Amino acid sequence: FQYGSVMACMAWAEKPDEPCYLKTYSGGMYDGPEIKGECDHAVLIVGYTPWYYIVRNSHGKTWGYSGYFIIKRGTNVCGIEEKMAALVTETRKVDELKETTKENGCPNERPNLCENINICTKEDSCLDAISKRSAEMLMTEKRAAEMNRAQKVKRSENDEVKISKRCADKFSRCATAAAAGKNVCVGSYLQLCQATCGQCTEIPAPAPVEETKETRGNCFKPTIEHGMVMNPNKLMRPGEKLVVRCENGYIQTGYKAECLIQDIFTNEVQDARLMPECVKLGSNELVGNGATYNGNKNTYRMGNHDLPCGVWNRDILRGVLKNEKDALKLKIGNHNYCRNPGGIEPVPFCIGDATGTGTIQYCFNHPGCDVCTGATDEYGDECAQWAAEGKCLYTDKTSALKVSYVQEKCRATCCKVAKC
């Protein structure tokens, strides 16, 4: 704003069933109706984005976001854009200021400066001023706490009713059609007949949020590629679990997430970058170097043991692959399935940390058997010797150059070792 903060007046309802009731606001962008001609409550707009205003209220730090709230911009929600005012300041001469202020900077009507709380007061002592201010703040905090308790009780009572409504059939003839032998549990019918098809997703009430220094608030319902977010409301409550249903042929991977604030979701590892995903799985058959492999293998061999692969995005973002300069290119998903993006390695691979340091580990010891068609050896006795020494099969990336050379020169022998 050109002149700093903007004073505004808006509609402010007294009853919960009336529009613009914000007394129990606890977070999220408020998007209410456009109301003209009502001015019940004064607020201070201190900032804005293309989508909403950042507004300071007068209900104390226990209300909203430490005393602030955000409200949709551009649609005159609750009349907030009808009556706005800004203070235009002017430069005054020092002599003029001396006539209306004391040497300590306080105006004549409040001549005493209380340095500990940085206010000017008309009280005879700062102790009286502090006591009065503390009493006012205490009353505000008590009122806010009472409103929050009332809101929690009301939410608890309404949860069961909301779940019942959400799980009801939206088409009155679902049960009749199903009894007549019609398949109502496919395609668009499934969304209308969830109760009849047994597809209701009951979303648990969010667990009580512990008091922490971390700010929490409502979240905007996210979009999951190749999946459907089943939470019913566009705004999710703090702590509400994210419920995702993937499309046919896709499976859900990643950590279970819950609303933290706005578009940020947290999980058991407290990393908002690791959202649930819907991943398509295909054939486990390995073709060539596996550049198109999308099977479900997620282990690598070390000695006589099969060890689990690490999660791609989690390990890459945490810098596990310290010795790979292009490690960020391997941020390919929140899953641990073996892959070979772009065919950059001779076989599909994953991230392993069994040695204590993250390394690239090969999930297969030989390319697909299709490379063995018409295979011959360029060398004779050397091929048999190298095969006996175990040089025909990959172990990890450190063996790649040597094994690739042996496989190229002794294709027939190595294919036999790989049981192709």
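Above this note sits the structure.
In this report, we go over the structure that sits alongside the text.

Conventions adopted
Residues numbered from 1 in each chain as written. Predicted model: local features only at pLDDT ≥ 70, side-chain atom pairs only at ≥ 80, totals over all residues. Heavy atoms only, no water. Helix = DSSP H or I, 4+ residues; strand = E, 2+ residues; numbered from the N terminus. Buried < 20%, exposed > 50% of the residue type's maximum accessible area, 1.4 Å probe, protein only. Contact = heavy atoms within 4.5 Å. Areas by Shrake-Rupley, 256 points an atom, 1.4 Å probe, with all protein chains shown as cover. Patch = residues over 30% accessible without salt bridge, like charges linked within 9 Å, V, L, I, M, F, W, Y side chains within 5 Å. Salt bridge = Lys/Arg side-chain N within 4 Å of Asp/Glu carboxyl O. Pairing = 2+ DSSP bridges. Core = buried A, V, L, I, M, F, W, Y, C linked by side-chain atoms within 4.5 Å. Disulfide = S-S within 2.5 Å.

### Section: the overall build of the protein chain
Scanning the protein chain from N- to C-terminus turns up 8 helices and 20 strands. Buried positions account for 35% of the 420 residues belonging to the protein chain. Partitioning the contacts of the protein chain with sequence separation of at least 6, the portion at a separation of at least 24 is 55%. Accessible surface computed for the protein chain: about 25800 Å², of which carbon and sulfur atoms make up 50%.

### Concerning a nonpolar patch on the surface
Among the surface-exposed residues, Val46, Ile54 and Tyr68 lie close enough to one another that they form a single nonpolar patch of about 200 Å² accessible area. Within the secondary structure, Tyr68 is located in strand E5 (residues 68-72).

### As for the environment of Gly249
For Gly249, the position within the fold is in the loop between strand E12 (244-246) and strand E13 (250-253). You can call Gly249 partly exposed: its relative accessible area is 46%. With near-sequence residues (within four places) excluded, Gly249 lies in contact with Val279, Lys280 and Leu281.

### Brief notes about the sheet that holds strand E4 (residues 52-56)
Within the open sheet, the 6 strands sit side by side as E2-E5-E4-E3-E1-E6. Their pairing is mixed. Strands with a single pairing partner mark the edges of an open sheet, and in this sheet they are strand E2 (29-30) and strand E6 (83-85). Relative to E5, E2 runs parallel, the two being bridged by 2 bridges. Paired with Tyr30 across the strands is Ile71, a residue of E5.

### Considerations on the pattern of salt bridges
For side chains bearing opposite charge, pairing can occur when the charged atoms are close. Scanning the model with the defined rule gives 10 salt bridges in all. Arg314 serves as the salt-bridge partner of Asp315, at 3.0 Å between the closest nitrogen and oxygen. On the accessibility criterion, Asp315 (6% relative accessible area) is buried. The partner of Lys397 in a salt bridge is Glu345, and the shortest N-O contact between them spans 3.2 Å. Of this pair, Lys397 sits in the loop between helix H6 (381-388) and helix H7 (400-409) while Glu345 sits in the loop between helix H5 (312-317) and strand E19 (349-352); the two residues are 52 residues apart in sequence, bridging distant segments of the chain. When its relative accessible area of 31% is taken as the criterion, Lys397 is described as partly exposed. If you follow the salt bridges from partner to partner, you end up with Asp271, Arg273 and Arg318 in one network.

### A closer look at the nonpolar core
Formed by 26 residues in total, the largest nonpolar core has its most connected members in Met10, Leu22, Val55, Phe69, Ile71 and Ile80. Secondary-structure elements contributing two or more residues to this core are strand E1 (6-10), E2, strand E3 (41-48), E4, E5 and strand E14 (258-261). Ignoring anything within four residues of it in the chain, the contact list for Phe69 reads Met10, Leu22, Tyr25, Val43, Tyr53, Ile54, Val55, Asn57 and Trp63. Grouped together as the second largest cluster of nonpolar side chains are 21 residues, Trp312, Ala327, Cys350 and Ile351 included.

### Let's talk about the state of the cysteines
Counted by the stated rule, this structure contains 10 disulfides. In this model Cys392 forms its disulfide with Cys414; the gap between the sulfur atoms is 2.1 Å. Between Cys392 and Cys414 the disulfide shows an S-S torsion of about -70°. By sign, it is left-handed. Placement of the pair is Cys392 in the loop between H6 and H7 and Cys414 in helix H8 (residues 411-417), with a sequence separation of 22 residues. On the basis of relative accessibility, which here comes to 1%, the residue Cys392 falls in the buried class.

### Things to note about the side chain of Lys409
Summarising the element assignment, Lys409 is placed in helix H7. Those residues in contact with Lys409 that lie beyond four places of it in its chain are Asp377, Glu378, Tyr379 and Cys383.

### Some words on the pairing of E4
As paired elements, E3 and E4 share 4 bridges and run antiparallel to each other. Each bridged residue has a counterpart across the sheet, and for Ile45 the counterpart in E4 is Val55. The antiparallel pairing of E3 with E4 creates a hairpin that spans 3 residues between the two strands. Note that E4 and E5 share 5 bridges and pair antiparallel. The partner of Val55 across the bridge, within E5, is Phe69.

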